[in-house]
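Secondary and tertiary structure notes
Chain by chain, the residues run as shown.
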There are 2 protein chains.
Amino acid sequence: MINIGIDLGGTTTKMALIDDHGKMIDKWAIATNTIDNGRHIASDISESVLKKMQQFNLEHSTVRGVGVGAPGFINMDTGFIYQAVNIGWKDYPLKEELEQSIRLPVVIDNDANMAALGEMWLGAGQGAKNLICVTLGTGVGGGIICDGEILHGVSGMAGEIGHITVMPTDGASCNCGKTGCLETVSSATGIRRLALDALDYNDSVSILRDIFESKGDISAEDVFNCAAKKDPLSSTVAEKAAYYLGFALGSIAVTINPEKIVIGGGVSHAEDTLIVPLTKYFKRFSLPRVFDACTINLAQLGNDAGVIGAAWLCMQKIKQGTMN
Amino acid sequence: MINIGIDLGGTTTKMALIDDHGKMIDKWAIATNTIDNGRHIASDISESVLKKMQQFNLEHSTVRGVGVGAPGFINMDTGFIYQAVNIGWKDYPLKEELEQSIRLPVVIDNDANMAALGEMWLGAGQGAKNLICVTLGTGVGGGIICDGEILHGVSGMAGEIGHITVMPTDGASCNCGKTGCLETVSSATGIRRLALDALDYNDSVSILRDIFESKGDISAEDVFNCAAKKDPLSSTVAEKAAYYLGFALGSIAVTINPEKIVIGGGVSHAEDTLIVPLTKYFKRFSLPRVFDACTINLAQLGNDAGVIGAAWLCMQKIKQGTMN
């Protein structure tokens, strides 16, 4: 059977046809049209899906259903989006809309959770049933899997690990309204801010400063590139980002005792420059039996994790007959 | 049907006969005989259970099985105790021993987890399927329930929330080998230590100091009693214990999004003197949507939580047919 995976983002909506063995038959993307509070998105998706099915001569009977990873606050049981700021939705019945137009069962979950399921099925989390996925991008996203099931919690907020407080005092303001969240220091945005602060705070010679002076700005990528070249200022910033991430992951690991931690997102391209100090701090802040049972891995599926996880969840839910 | 719940402690083993509706038919306790590395414990338990069944004219066919909450590191699937320091067991096949002598199916889990299940079934957690139970006693124990199931993690270490780091720098040493764990500041032992430090650090007038000078020592209970009487030094210590507990629970709640947090153990007798500042800090360190979905409650079952949870787990596992 074929499963359709969709990863709905603020600018692009990625889609894929994936069979039960995880083979990707085709993948494609359309722009996410956010005008008129996102009212055209569902019909754009349906149209694109139905056209693709036609192109591949797929009857409705050979397609199991559609999984959709969406941003924002979602009721996973009803597929109702309470609020998705980037998209413009408020109290939007996404599952219902898509089921009516595509005429296939639809499963909705949070985009970070779908990415975690994708890595569990075909990526760095393969074989593990207890898993933390962290996406270090503009923000810090999280998906937590315990005993093979996504943790949703009582109101769908589980896994919001970007908002674990890592600086209880003197932390920077976070978009969530708190201060000192993990996201303020270990996201790409946070790392850039830490680096700008460091450049401002002292006037040591640094190749990062040279970049700043020639480009007028720096990125988290610049920081890790310079840290990899042993630039002291950049290494201090990279170490700090890894310290706070290790602190947060230590607390989460003592709470859920995962087998694997999968690190994805742009910042994960720093590879060992991030993972080596991260592992050191994760060890310090977890427990020996927790640390020994867990490996830290780089995500393997990149931007495909979301569509793969969405296809997997659709397959699982429909096989188990736990669809609503 | 009758379920037998057992709560195996370092000094006493509590037992109870509990029916499927949660009615406690009888409860009793025997001393835990730890001599010879605990080799008499299993036979003491079996003897006591069989005698009690006889006394109540219970045939084996009317008893569903036995649930046992045990301390230490346990393989919950096999009922094998890797290590239980207080009891003297190392690589001990508890489930097998008990099943052979009692001739009933036996389910083993961690004692803190059993207490959490007890509160979920008949206590402060009733109705909630996403629950954190914290026991503030000599140490800090934890049991976490997500979607109605105990979180075990990959090696049975999930819920070890006493060992979440809350003081990343300058923390006191913990029994686990780390420093700055929650247990070092919010357990009865930790609160006593904080108070002794505070008495040592300044010489302000304090009714806690009067107690210290007359008794030669103080307890966490003294601290909260004095804090309830607005003693400034004691209030500062109580506030500090609540601050760190709120910090740790904030991180856990952002991770698992619970409906209820249940606080038990001796320190919970402080009631509002603990819960009011705890709620304030929990709000600061969680997210609005996480905080709004969650209530903090005092445990209701006291020392019975363990046997009740053990009876419940036995009933569930055998009903579901998920026994090993």
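Numbering of residues starts from 1 in each chain and follows the order in which that chain's sequence is written. Lettering of chains starts at A and numbering of ligands starts at 1, both following the order in which they are written. With pLDDT at 70 or above as the cut-off, local features in this predicted model cover only qualifying residues; side-chain atom pairs require 80 or more to be listed or tallied, and sums for whole chains, interfaces and linings still use all residues. The side-chain numbers reported here are obtained from all heavy atoms of the structure, hydrogens and water having been left aside.

1. Topic: the pattern of salt bridges
For side chains of opposite charge, pairing can occur when their charged atoms come near one another. Residue and element names in this part refer to chain A. Spelled out, the test is: When a carboxyl oxygen of Asp or Glu is within 4 Å of a side-chain nitrogen of Lys or Arg, the pair counts as a salt bridge. For helices the rule is a DSSP run of H or I covering at least 4 residues; for strands it is a run of E covering at least 2, with both sets numbered from the N terminus onward. Summary of the burial criterion: residues with accessible area below 20% of their type's maximum are buried, those above 50% are exposed, and those between are partly exposed, where the area comes from a 1.4 Å probe applied to protein chains only.
According to the stated counting rule, one finds 18 salt bridges over all chains in the structure shown. Across the pair D304 and K27 runs a salt bridge, and its minimum N-O distance is 2.8 Å. Here the residue D304 occupies a position in the loop between β13 (295-298) and α12 (305-320), and K27 occupies one in strand β3 (residues 24-31), the gap between them amounting to 277 residues. In this structure, R192 engages D217 in a salt bridge whose closest nitrogen and oxygen atoms are separated by 3.0 Å. Linking R192 in helix α6 (residues 188-201) with D217 in the loop between α7 (207-215) and α8 (220-228), this pair joins segments that are 25 residues apart in sequence. Given a relative accessible area of 30%, D217 falls into the partly exposed group.

2. Quick word on unusual backbone geometry
At A:D170, a residue that is not glycine, the phi angle is positive and equals roughly 60 degrees. You can see A:D170 is positioned in the loop between β11 (149-150) and α5 (183-186). Although it is not a glycine, B:D91 adopts a positive phi angle of roughly 50 degrees. Within the fold, B:D91 resides in strand β7 (residues 89-92). For B:D91, a relative accessible area of 48% corresponds to the partly exposed category.

3. Quick notes on the sheet that holds strand β2 (residues 12-19) of chain B
All names here are of chain B. As a reminder of what qualifies: The criterion for strand pairing is that DSSP finds at least two bridges linking the strands in question. Working convention: axes come from line fits to C-alpha atoms, limited for helices to the stretch in contact. Angles between N-to-C directions cover 0 to 180 degrees.
The 5 strands lie next to each other as β3-β2-β1-β4-β8, forming an open sheet whose pairing is mixed. With partners counted over all chains shown, the strands left at the sheet margins are β3 (24-31) and β8 (106-110), one partner each. Looking at each pair of strands side by side, their axes are set apart by 15 degrees on average, direction ignored. Pairing of β2 with β3, which is carried by 7 bridges, proceeds in the antiparallel orientation.

4. What to know about the interface of chain B and chain A
Note the threshold: A contact between two residues is defined here by any heavy atoms of the two lying within 4.5 Å. Once two parts are joined, some of their accessible surface, as seen by a 1.4 Å probe, is lost; buried area is that loss totalled over both. Throughout this description, a polar contact denotes any pair of N or O atoms lying within 3.5 Å of each other; where both atoms belong to protein, one of them has to be capable of donating a hydrogen while the other can accept it, and for residues adjacent in sequence the pair is counted only when both atoms sit in side chains. Note on residue categories: nonpolar means Ala, Val, Leu, Ile, Met, Phe, Trp, Tyr, Cys or Pro, charged means Asp, Glu, Lys or Arg, and polar means any other residue, Gly included.
Taken together, the contact pairs 39 residues of chain B with 39 residues of chain A. Both faces considered, chain B and chain A share a buried interface measuring about 3,300 Å² in area, 64% of it formed by carbon and sulfur atoms. Looking at the side of chain B facing chain A, the largest losses of area belong to B:V154, B:T255 and B:R289, adding up to 19% of the total buried there. At the boundary of chain B with chain A, the tally comes to 0 salt bridges. Counting every contact that joins chain B to chain A gives 18 residue pairs in polar contact (both at pLDDT 80 or more). It is helix α9 (residues 232-256) of chain B that contributes the most residues to the side of chain B that touches chain A, 7 residues altogether. Class assignment for the residues of the side of chain B that touches chain A results in 21 nonpolar, 13 polar and 5 charged.

5. Considering the packing of aromatic side chains
Two aromatic rings, taken as a pair, are described by how far apart their centres are and by the angle between their planes. Residues and elements named next belong to chain B. Applicable threshold: Whether two aromatic rings pair depends on their centres lying within 6.5 Å, for rings of Phe, Tyr and Trp, where Trp uses its six-membered ring; planes under 30 degrees apart make the pair stacked, over 60 edge-to-face, and the rest tilted.
Tallied over the entire structure, the rule returns 15 aromatic pairs over all chains. With 4.5 Å between their ring centres and 5 degrees between their planes, W89 and Y92 make a pair best called stacked. As far as the burial class goes, W89 and Y92 line up, both buried. Each ring, one from Y243 and one from Y281, has its centre 5.1 Å from the other, and the planes form 75 degrees; the classification is edge-to-face. With Y243 in helix α9 and Y281 in helix α10 (residues 272-285), the pair connects residues that are 38 residues apart, well separated along the chain. Its relative accessible area of 16% is what places Y243 among the buried residues.

6. Some thoughts on the sheet that holds strand β13 (residues 295-298) of chain B
Residues and elements named next belong to chain B. The 5 strands lie next to each other as β11-β10-β9-β12-β13, forming an open sheet whose pairing is mixed. With one partner strand each, in any of the chains shown, β11 (149-150) and β13 form the two edges of the open sheet. Sheet analysis places strand β9 (residues 131-136) next to strand β12 (residues 260-264), joined by 5 bridges and oriented parallel. Bridging across to β12, L131 finds its partner in K260. Its contacts with the sheet place α9 against β9, β10 (140-146) and β12, and it is angled at close to 160 degrees to β9.

7. A closer look at the relation of the copies chain B and chain A
Two copies of the chain are present, and they differ by a rotation about an axis and a shift along that axis. Quick note on the threshold: Least squares is the method used to superpose the copies, on C-alpha atoms of residues holding a pLDDT of at least 70 in both.
Once chain B is rotated about the relating axis by 180 degrees and shifted along it by 0.0 Å, it coincides with chain A to within an RMSD of 0.0 Å. The transformation just described matches what one would write down for a two-fold rotation axis. Both copies present the same face, since 100% of the interface residues in chain B are matched by interface residues at the equivalent positions in chain A.

8. Comments concerning the pairing of strand β9 (residues 131-136) of chain A
Residues and elements named next belong to chain A. Taking burial as the measure, the 6 residues of β9 include 5 buried ones, the bulk of the element. Bridge analysis of β9 against strand β10 (residues 140-146) gives 6 bridges, and the strand direction is antiparallel. Bridged to L136 within β10 is V140. Where β9 folds back on β10, the antiparallel hairpin that results is connected by 3 residues.

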